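# A structural walkthrough
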Amino acid sequence: MRALLLENLHPLATSILGADGIDVATRGGALDEDELIAALQGVQLLGIRSKTQVTERVLENAPDLVAIGAYCIGTNQIDLGAAAVRGVAAFNAPFSNTRSVVELTLAEIIALTRRLTERDRALHAGIWDKSADGAHEVRGRTLGIVGYGNIGTQLSVLAEALGMSVVFYDSAEKLSLGNARRLESLDELLEVADVVTLHVDGRGGNAGLFGARQFGRMRPGSVFLNLSRGFVVDYAALRDEILTGRIAGAAVDVFPEEPKRRGDPFESDLRGLPNVILTPHVGGSTEEAQEAIGQFVSNKLRDYLAHGSTMLSVNLPNLALDARTGAHRLVHLHRNTPGVLAGINRTLAEHDVNIDAQLLATRGDLGYVVTDVGSGLALELCEELETMDQTIRLRLLS
């Protein structure tokens, strides 16, 4: 087995996979499409962060690829559907860097509300600008959270501990934590929030979510943050609002187009604006978070290879599996049509193979059946299962 890890993943990822006998190669930056296709020849595992784009063309030209690990929260850089129909499992880290993103969000809310950016810039320029003008406490102010998922909910709890009132909007029904109040529309949130922060996911429907109309509905003097996805916000519209003074400050960690490598030049409409904090997509980039992500995703990849476990896979049916109970384990990913399970069991019976244990899970058009057997398996049996019309990928774990 060979693995390719890109984008400066934590060394723990290499050590976990290497301990299982996997030959691991690492590269510092992201690869473009052609570079990635060339690098994936003979590679079974790919580890990336947010910059590397795993397109359908990449997947078509990577026949050896078995699984992809996104060592981050987002997976919109991977064509998940194209991966699934080729039998390539994808895993991410939905929880591991949540605290890091939340802490940065809180730090930036306080910094913007106190206008620390301007005080810092003045002193670096040799100017003593001691003043309370435009500086406020966050206690008693209203925080509006757009997207009440893993990050939004934790932010909600900690913001309340600072004395903020919390309102949130999410397109899905979510349980309110603490005293947070769910509002029925984004417009309703914008009309009452002193601070608006975005924590939505990368689904295509969120593109262009926040533009001139939404900024126009925000309260004069309010603060805006985006630590979710770059394509969600019209930054030219944000620039206009900052320059007119309607928006008192902003913090942005994600951009529609981001450099692939550390040290590359960066351009944005937001550069040089007053009371604006720009960070290079580092919301989850703490040493603690990267270590936790390295461990979590690598363990998921290892468990999938060793046991067939797909628990928390973002594109395959989910089965939590331990070590096999028999001599062999057959892992069969297939198109979810009637009669597949019966066909598998009939083939096993025809070859006098007894089933020790069997689990089935489905997810839309996909089915995933894992069968433990106690006896040896003839080559002909595996060939029959592999050539079933519905078969996407068959793996034999011994």
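None of these values were measured; they are calculated from a predicted model. (Residues numbered from 1 in each chain as written. Predicted model: local features only at pLDDT ≥ 70, side-chain atom pairs only at ≥ 80, totals over all residues. Heavy atoms only, no water.)

## A look at the pairing of strand β7 (residues 165-169)
Filter applied, for reference: Two strands pair if DSSP finds at least two bridges between them. A run of DSSP states H or I qualifies as a helix once it reaches four residues; a run of E qualifies as a strand once it reaches two. Both are numbered from the N-terminal end.
Bridge analysis of strand β6 (residues 142-146) against β7 gives 5 bridges, and the strand direction is parallel. Residue pairing for β7: Thr142 is matched across the bridge by Ser165. Relative to strand β8 (residues 181-182), β7 runs parallel, the two being bridged by 2 bridges. Its bridge partner being in β8, Val167 is matched across the sheet by Arg181.

## Focus: the pairing of strand β11 (residues 247-252)
Our working definition: For every residue, the accessible area (1.4 Å probe, protein chains only) is compared with the maximum for its type, and the residue is labelled buried under 20%, exposed over 50%, or partly exposed between those bounds. By convention a crossover is right-handed if, when the strands point away from the viewer, the path from the first strand over the helix to the second runs clockwise.
The element β11 is largely enclosed, with a buried count of 6 among its 6 residues. Relative to β11, strand β10 (residues 222-226) runs parallel, the two sharing 5 bridges. Its bridge partner lying in β11, Phe224 is registered against Ala250. This β-α-β element, β10 to helix α10 (residues 235-244) to β11, shows right-handed connectivity.

## Section: a nonpolar patch on the surface
Inclusion rule: Patches were defined on residues exceeding 30% relative accessible area and lacking a salt bridge, with like-charge contacts within 9 Å and nonpolar side-chain contacts (Val, Leu, Ile, Met, Phe, Trp, Tyr) within 5 Å. With residues, only the protein chains shown are counted as cover, and all accessible areas are computed by Shrake-Rupley using a 1.4 Å probe. Only one rule defines a salt bridge in this text: a Lys or Arg side-chain nitrogen within 4 Å of an Asp or Glu carboxyl oxygen.
A cluster of nonpolar side chains, Phe95, Met311 and Leu312, forms an exposed patch at the surface whose accessible area comes to about 250 Å². Residue position: Phe95 is located in the loop between β5 (89-91) and α5 (98-113).

## Side note on the nonpolar core
Put simply, the test is: What makes a nonpolar core is a set of buried Ala, Val, Leu, Ile, Met, Phe, Trp, Tyr and Cys residues whose side-chain atoms join them at distances within 4.5 Å. Residue contacts are counted whenever heavy atoms from the two residues lie within 4.5 Å of one another.
Counting 30 residues, the largest nonpolar core has Leu17, Leu45, Tyr71, Leu301, Tyr304, Leu316 and Tyr368 as its most contacted members. Secondary structure elements with two or more residues in this core: β1 (2-5), α1 (11-19), β5, α11 (287-307), β13 (328-335), β15 (366-373) and β16 (391-397). Here Leu17 is in contact with Ala3, Leu5, Ile22, Val24, Leu45, Tyr71, Ser298 and Leu301, once residues within four sequence places are set aside. Core analysis: the second largest hydrophobic core is formed by 28 residues, Ala193, Val196, Val252 and Leu273 among them.

## What to know about the packing of aromatic side chains
Which entries qualify depends on this criterion: Working definition: rings of Phe, Tyr and Trp (its six-membered ring) pair if their centres are within 6.5 Å, and the pair is stacked with planes under 30 degrees apart, edge-to-face with planes over 60 apart, and tilted otherwise. For a ring to carry a charge above it, either NZ of a lysine or CZ of an arginine must fall within 6 Å of the ring centroid while also lying within 35 degrees of the normal to the ring plane.
The final tally for this structure, using the stated rule, is 7 aromatic pairs. A centroid spacing of 4.9 Å and a plane angle of 70° characterise the contact between Phe210 and Phe215, whose relative ring orientation is edge-to-face. Across the pair, exposure class does not vary: Phe210 and Phe215 are buried alike. Accessibility expressed as a relative area gives 0% for Phe215, which makes it buried. In this structure, Arg395 is placed above the aromatic ring of Tyr304, and the distance from its NZ or CZ to the ring centre is 4.4 Å.

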